[in-house]
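Notes for the structure review
Here is what each chain is made of, one letter per residue.
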Amino acid sequence: MSSHPQLLVHDHKDNVGVVVVEGLKAGTDMLCVVTHDNSSFRLTANDDVPIGHKIALSDVSSGDTAVKYGEDIGRFKADVKKGSHVHVHNLKTNRW
């Protein structure tokens, strides 16, 4: 188990976090830190996920709102399981 954060979450309202390490592999027991208050929790990655990509913090359904920074960043295009990779294949962001 790493003592260095592998996933950052900005706000407790968020349902996605951002991978902050290179080469995150499926099965990794990640240390996740909430930057708002420096609290932490653990979550297992279901997929290999590149740095800068997102991971679902809970099960989400197609059509649900993606929340990052405590704000609506887009809509899920597919169901996503807790711990799974979130990117353009299953998320339509408001920005792009």
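In this convention, every chain numbers its residues from 1, walking through the sequence in written order. Per-residue local features are limited, in this predicted model, to residues with pLDDT of at least 70; the limit for side-chain atom pairs, both in listing and counting, is 80 or more; totals at the level of whole chains, interfaces and linings are taken over all residues. In computing side-chain values, all of the structure's heavy atoms are included and hydrogens and water are not.

1. Some points on the overall build of the protein
Rules: Comment: elements are numbered from the N terminus, with helices defined as DSSP H or I runs of at least four residues and strands as E runs of at least two. Each radius of gyration is computed over the set of C-alpha atoms, and the globule rule expresses the reference value as 2.2 Å times the number of residues to the power 0.38. A simple rule labels every residue: compare its accessible area, found with a 1.4 Å probe on the protein chains alone, to the largest value its type can have, and call it buried under 20%, exposed over 50%, or partly exposed in between.
Along the backbone of the protein there are 0 helices and 9 strands. Its helices and strands in sequence order give the protein the pattern β-β-β-β-β-β-β-β-β, from N to C terminus. By the compact-globule yardstick of 12 Å for 96 residues, the protein fits well, its C-alpha radius of gyration being 12 Å. Going through the 96 residues of the protein one by one, you find that 40% of them count as buried.

2. What to know about the nonpolar core
What counts, and what does not: The term nonpolar core refers to a set of buried residues drawn from Ala, Val, Leu, Ile, Met, Phe, Trp, Tyr and Cys, joined through side-chain atoms within 4.5 Å. Note on contacts: a residue pair qualifies if any of its non-hydrogen atoms lie within 4.5 Å across the two residues.
Within the largest apolar cluster, 12 residues are counted, these being Leu-7, Val-9, Val-19, Leu-24, Met-30, Cys-32, Val-34, Leu-43, Ala-45, Val-49, Ile-55 and Leu-57. Of all the secondary structure elements, the ones that give two or more residues to this core are β1 (7–9) and β3 (29–34). When residues in this core are grouped by element, the largest group, 3 residues, is from β3. Among all residues touching Leu-57, those that are not within four sequence positions of it are Leu-7, Val-9, Asp-14, Asn-15, Val-16, Gly-17, Phe-41, Leu-43 and Lys-82. In terms of nonpolar packing, the next biggest core, distinct from the first, is built from 9 residues, Val-16, Val-80, Val-86 and Leu-91 among them.

3. Looking at the layout of surface pockets
For clarity, the threshold we go by: Cavities and pockets are defined on a 1 Å grid built over the protein atoms alone: a cavity is a set of grid points where a 1.4 Å probe fits but cannot escape, while a pocket is an open set with protein on both sides within 12 Å along at least five of seven lines, and lining residues are those with an atom within 4 Å of any such point. Grid points are joined across faces, edges and corners, and a volume is the space filled by probe spheres set on the points. Any residue outside Ala, Val, Leu, Ile, Met, Phe, Trp, Tyr, Cys, Pro, Asp, Glu, Lys and Arg is labelled polar, Gly included; the first ten of those are nonpolar and the last four are charged.
Counted as a void, the largest pocket has a volume near 300 Å³. Lys-54, Ile-73, Thr-93, Arg-95 and Trp-96 are, among the 14 residues lining the largest pocket, the residues nearest its centre. When residues of the lining of the largest pocket are traced back to their parent elements, those giving at least two are β7 (71–76) and β9 (91–93). With 3 residues, the single largest contributor to the lining of the largest pocket is β9. Classifying every residue of the lining of the largest pocket gives 5 nonpolar, 3 polar and 6 charged.

4. Topic: the UniProt feature "domain: SAF" (unreviewed entry) in the protein
Test applied: UniProt positions are given in the numbering used here, feature names are shortened, and annotations may be inferred rather than shown by experiment.
When the UniProt feature table is mapped to this numbering, "domain: SAF" (unreviewed entry) covers residues 14–92. Taken end to end, residues 14–92 has its terminal C-alpha atoms 16 Å apart, with 0% of it in helix and 42% in strand.

5. A closer look at the sheet that holds β7
The line we're drawing: Pairing between two strands is assigned when DSSP locates at least 2 bridges connecting them. Here the axes come from fitting lines to C-alpha atoms, over the contacting stretch only for helices, and the angles between their N-to-C directions go from 0 to 180 degrees.
Reading across from one edge, β6-β7-β9 is the order of the 3 strands in this open sheet, with antiparallel pairing throughout. Among the strands making up the open sheet, the edge pair consists of β6 (65–68) and β9. Ignoring strand direction, the axes of neighbouring strands in this sheet form an average angle of 40°. Looking at chain direction, β7 and β9 are connected through 3 bridges and run antiparallel. When the bridges of β9 are listed, Gly-74 appears paired with Thr-93.

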